[in-house]
Amino acid sequence: MKNAFATIIASLLAAQVLAFAPSTRSASLLARQNAPNSARMNAKKSNEDLSFIESRDMTREEMLELNAKNEEIMNMELNMMTGFSLVLSLPILYLCWVAFFSE
């Protein structure tokens, strides 16, 4: 028994298993990581074109309308989650009823 246990432990310790497989990285990422810190700090990022984003302030009426719609959606989601949890708890409630009130 001790010999079998020692054999199993020895085989587990001898096996070289890599817990985390090395990930594949692109050449640019490796080059960026191998570059000195000063080169990385001085590298300029490309400017993104954000002109497609339209932004403006909302009027009070628009904000109240959006808040009312969001509140309606949140209440509907809350009702759906409550109903779903009650449906899932029905079998447990039935088993408790059978366990405590059966003869």
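Counting from 1, residues in each chain are numbered in the order their sequence is written. Owing to the predicted nature of the model, reporting of local features is limited to residues with pLDDT of at least 70; listing and counting of side-chain atom pairs is limited to 80 or more, with chain, interface and lining totals taken over all residues. Side-chain descriptors were evaluated using all non-hydrogen atoms of the structure, hydrogens and water having been removed beforehand.

## Here's the deal with the overall build of the protein
Then step 1. Here a strand is any run of E in DSSP of at least two residues, a helix any run of H or I of at least four, and the numbering for each starts at the N terminus. Helix and strand counts for the protein come out as four helices and zero strands.
Then step 2. Traced from its N-terminal end to its C-terminal end, the protein shows the element sequence α-α-α-α.
Then step 3. Exposure classes here rest on a 1.4 Å probe applied to the protein chains alone. A residue is buried below 20% of its type maximum, exposed above 50%, and partly exposed in between. Taking all 103 residues of the protein together, 0% fall into the buried category.
Then step 4. Using the Shrake-Rupley algorithm and a 1.4 Å probe, accessible areas are obtained, with residue cover drawn only from the displayed protein chains. Total accessible area on the protein stands at roughly 10,800 Å², and carbon and sulfur atoms take up 64% of it.

## Concerning the pattern of salt bridges
Then step 1. Salt bridge criterion: a side-chain nitrogen from Lys or Arg within 4 Å of a carboxyl oxygen from Asp or Glu. Evaluated as defined, the whole model comprises one salt bridge.
Then step 2. A salt bridge links Glu 62 to Arg 56, with the shortest nitrogen-to-oxygen separation between them at 3.0 Å.
Then step 3. On the basis of relative accessible area, Glu 62 is assigned to the partly exposed category, the value being 28%.
Then step 4. When its relative accessible area of 60% is taken as the criterion, Arg 56 is described as exposed.

## Quick look at helix α4 (residues 60-101)
Structural remark: α-helix, 3.6 residues per turn; residues separated by three or four positions point the same way.
Then step 1. Here α4 contains 42 residues, and its C-alpha end-to-end distance of 58 Å stays within 8% of the 62 Å for a straight helix at 1.5 Å per residue.
Then step 2. Fitting axes to the seven residues ending at a residue and to the seven starting there, one defines the bend at that residue as the angle between these axes. Where α4 bends most, the angle comes to about 35°, and this point is Ser 89, followed within four residues by the proline Pro 91. Any helix carries an expected span of 1.5 Å times its number of residues minus one.

## Considering a nonpolar patch on the surface
Then step 1. The patch calculation keeps residues exceeding 30% relative accessible area without a salt bridge and links them within 9 Å when they carry like charges or within 5 Å when they are nonpolar (Val, Leu, Ile, Met, Phe, Trp, Tyr). Together, Tyr 94, Leu 95, Trp 97, Val 98, Phe 100 and Phe 101 line one region of the surface with nonpolar side chains, adding up to about 770 Å² of accessible area.
Then step 2. Here Leu 95 lies in helix α4.
Then step 3. On the basis of relative accessibility, which here comes to 57%, the residue Leu 95 falls in the exposed class.

## Remarks on the packing of aromatic side chains
Then step 1. Two rings belonging to Phe, Tyr or Trp (six-membered ring only in the last case) form a pair when the distance between their centres is within 6.5 Å. Interplanar angles under 30 degrees mark stacking, angles over 60 mark edge-to-face geometry, and anything in between is tilted. Inspection of every chain in the model, using the stated rule, returns one aromatic pair.
Then step 2. Centre to centre, the rings of Trp 97 and Phe 101 are 4.6 Å apart; their planes meet at 45°, and the pair counts as tilted. Taken together, the residues Trp 97 and Phe 101, both in helix α4 and four residues apart, mark about one turn of the helix.
Then step 3. Taking relative accessible area as the criterion, Phe 101 reaches 58% and is therefore assigned exposed.

## Some points on the confidence of the model for the protein
Then step 1. Within a predicted model, pLDDT stands for the predictor's per-residue confidence, ranging from 0 to 100. The predicted model of the protein has a mean per-residue pLDDT of 79, with 63% of residues at 70 or higher.
Then step 2. No element of the protein has a lower mean pLDDT than helix α2 (residues 27-34), which averages 57, and none a higher one than α4, which averages 95.

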